[in-house]
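# Architecture at a glance
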Amino acid sequence: MNKTLLCVSLTTGTTEETLALLHAPDRAFDVAEVRLDYVREPDLRRLLEGRPCPVIVTCRPVREGGRWAGDEGQRIALLEQADRLGADFVDVELEALPRFRRQGKARLIVSYHNFTETPSDLRAIARRIEATDADIVKVATLAKSLRDNLAVFSLLRAARKPTIAVTMGEHGHVSRILGPKFGAFLVFASLAPGREAAPGQVPVRDLLDLYGFRRIGSATRVYGVIANPVAHSMSPAIHNAAFQHCGVDAVYLPFRVDSPANFIPAWRELPVEGYSVTIPHKEAVIPLLDEVQPLARRIGAVNTIVMRDGRLLGSNTDWSAAVKAIEGGLRQGESLAGKTVLLLGAGGAARAIAFGLTERGARLLIANRTHERAVKLAADAGCGVVPLAEVASVAYDILVNGTSLGMHPKVEETPLAAALLRPGALVFDSVYNPLETRLLREARAAGCRTVDGLEMFVNQAAEQFELWTRLPAPRALMRSVVAARLRPA
């Protein structure tokens, strides 16, 4: 179990509301940060008497990202009063420290905030705070990219006093989830989505249930998914559940990556032990790897990266995952051999599916919005091509959507008009979120048999898990985790 404390920021408007949260029977945090800048006419004595857990008293001014717009002297006086009344911690900004006089036994957190960037002299700033009478150093900066988290981890490694170091913004979740790995004194979480005291705070239940915060320590291995967008991804849920079930000391994170070329080399120093790769980076990651499995090289798309002896190795689990899912929708005794398959798409996922289908002997035709990409894929995979405008003439047995059309949140998009669906055909959609896409809904109404993307997703994730851990994947658990998250309540 890690020693990093889990602190929830209480951003309630009254003393009574704050007390109710402090004394809630299902309290899941170790420390509460009472944000006096949110509380109207706070009663500090009542807030601190009989508290069920340690309390940090904070009163953040507007200039430091808080809500206190009143007199600065009154703000400092509130913090001094909290110290006198026995608060466990008092948080004072570095620039305000000369005006604060310690009057009790509270441990002093001296903090620095930067809402515009993560400055290059971050360690020098931390050293300035360490040189004060601070008991705990706190640094919170805006992450303009995922790379800024590495500066925070470096700061934690070099800390001379107990240190809180986080990044804020859309990339800030990484520093909070991995805080225990680098010995952060505590990590701030929000009480629930939409109740963040700072941008990038992760809801406390997500930290505990999704990421296994209590289990993360210095030896915890790091994995993640590279995607853009990434918020919809079910990969963290499925892989973290599998790690926990199998007793693997690892955590899996979502990485929203614009440029793999900027991200992957930088994060080798962490290191990240393995990646899932999805839209739109399956082809772009290939030049960044030390070795690529021959079939993945032929496909021209990598969806799985594993670190072995300091080398990044790329492979593709999409093709076999898709083929198994499609074969599961065939009637008993049927095979893909000789079936006419219309594949929509020519991106990373479609490339893998194309090679898998031709490997099984299907008569494959590819159609894509950009016809030139379809022509190239058809040449690479050794199959046919059809212009998108002429798909109505294809008497297909199986229709496969290898595009992202219909994926959450653009759930009303579809790769093929309903009028072009052939009754009796098998329709497979590689999109798994939502489980029933518009394509599948309309295909079922047209009298088609359908297969959703869940099986492909579970199959490829299970193969990834086995490549990373060399353990059998808990497929039934992985399937149930994703299905539970995707099915309507």
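As the structure is a prediction and not an experimental result, all values here were calculated from the model. (Residues numbered from 1 in each chain as written. Predicted model: local features only at pLDDT ≥ 70, side-chain atom pairs only at ≥ 80, totals over all residues. Heavy atoms only, no water.)

## Describing the pairing of strand β6 (residues 136-142)
Across the seven residues of β6, six count as buried, placing the element largely inside the fold. Pairing of strand β5 (residues 107-114) with β6 involves six bridges; the strand directions are parallel. Directly across from His113, in β6, lies its bridge partner Ala140. Between the parallel pair β5 and β6, the chain is carried across by helix α4 (residues 122-130), and the sense of this crossover is right-handed. Strand direction decides the pairing type here: β6 and strand β7 (residues 163-168), joined by six bridges, are parallel. The partner of Ala140 across the bridge, within β7, is Val166. You can see the chain leave β6, run along helix α5 (residues 148-157) and come back into β7, and the turn it takes is right-handed. (Buried < 20%, exposed > 50% of the residue type's maximum accessible area, 1.4 Å probe, protein only. Helix = DSSP H or I, 4+ residues; strand = E, 2+ residues; numbered from the N terminus. Pairing = 2+ DSSP bridges. Right-handed = clockwise from strand over helix to strand, strands pointing away.)

## Section: the packing of helix α8 (residues 235-246) against helix α16 (residues 475-486)
Interhelical geometry of α8 versus α16 gives an angle of 140 degrees and a closest axis separation of 9 Å. For the element pair α8 / α16, the angle class is oblique. Once α8 is placed against α16, the crossing between them reads as right-handed. Seen from α8, the contacting residues are Ala237, Ile238, His239, Ala241, Ala242 and His245; seen from α16, they are Leu477, Met478, Val481, Val482 and Arg485. Considering only residue class, the contact of α8 with α16 consists of eight nonpolar, two polar and one charged. (Axes fitted to C-alpha atoms, helices over the stretch in contact; angles between N-to-C directions. Parallel < 35°, antiparallel > 145°, perpendicular 65-115°, else oblique. Left-handed = near helix turned anticlockwise from the far one by under 90°. Contact = heavy atoms within 4.5 Å. Nonpolar A, V, L, I, M, F, W, Y, C, P; charged D, E, K, R; others polar.)

Without other data, these values stay purely geometric and don't point to any function.
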